[in-house]
Amino acid sequence: MSNIMKPPAPEYSAPPIPGYAPPPVSSQPPRTSYRWVWIVLGIFVAVSIVGVALLTLGVGFAVSTYGGPSIASDQYYTALRDQNYTRAYSYLGAHLKTVYSQEDFTQMAQERDAAEGRVSHYSYANVPTGDLAYVTLTVTRANGTTYTVNLEMRQEGGAWRVTAFDRI
């Protein structure tokens, strides 16, 4: 035996296959999926659409329930304040139009204006609500007279109308 070391045996490796190259080594990390972004965006859009629909329904309900009688009574008293009696008469309900002709209504309003002065200011004492709304207004005339007016309002043909009043 000799003390001479033998060189290590070479490791066995398969000879390369002709025409075959190993795949290139990529320096880019694998692509990240952004599917979660689209899912979150889709949920946000769906919630937004539902929110807008509910808001639209809520505003429509509020305007028809609360705003409708307030708006119509405001337009009625604005017409009386402006002495536009034809316009004010147009806000009366069908029953009141059978009780008062346009000429009778105009004469009644003109007599009130002559006795106490024009309507100079009016304000609401309550917020009318419901299908049958009762509106209470405080009216001030040009001569300083202040009094309360009670209006009954209903929807007729999709529009709010004055169906009863205790004074002009």
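What you see is a predicted model, and the numbers here were worked out from it, not measured in a lab.

**Considering the sheet that holds strand S3 (residues 146–156)**
Read from one edge of the open sheet, 4 strands run S1-S2-S3-S4, paired in antiparallel fashion. Whereas interior strands pair on both sides, the edge strands pair on one side only; in this sheet they are strand S1 (119–124) and strand S4 (159–165). Going from strand to strand, the sheet's axes swing by 40° on average, the running direction of each strand aside. Direction of pairing for S3 relative to S4: antiparallel, over a ladder of 6 bridges. The residue of S4 that forms the bridge with Glu156 is Ala159. Strands S1, strand S2 (132–141), S3 and S4 of the sheet are contacted by helix H4 (residues 102–116), whose axis makes an angle of about 40° with S2.

**Section: the pattern of salt bridges**
Tallied over the entire structure, the rule returns 4 salt bridges. As a salt-bridge pair, Arg141 and Asp113 come within 2.4 Å of each other at their nearest N and O atoms. You can see Arg141 sitting in strand S2 and its partner Asp113 sitting in helix H4, a full 28 residues away along the chain. Taken individually, Arg141 and Asp113 each receive the classification buried, so the pair is uniform in this respect. Across the pair Arg154 and Glu152 runs a salt bridge whose closest N-O atoms are separated by 3.7 Å.

Cut-offs used in this document
- Residues numbered from 1 in each chain as written.
- Predicted model: local features only at pLDDT ≥ 70, side-chain atom pairs only at ≥ 80, totals over all residues.
- Heavy atoms only, no water.
- Pairing = 2+ DSSP bridges.
- Helix = DSSP H or I, 4+ residues; strand = E, 2+ residues; numbered from the N terminus.
- Axes fitted to C-alpha atoms, helices over the stretch in contact; angles between N-to-C directions.
- Contact = heavy atoms within 4.5 Å.
- Salt bridge = Lys/Arg side-chain N within 4 Å of Asp/Glu carboxyl O.
- Buried < 20%, exposed > 50% of the residue type's maximum accessible area, 1.4 Å probe, protein only.

The quantities given are spatial measurements derived from coordinates; they are silent on function.
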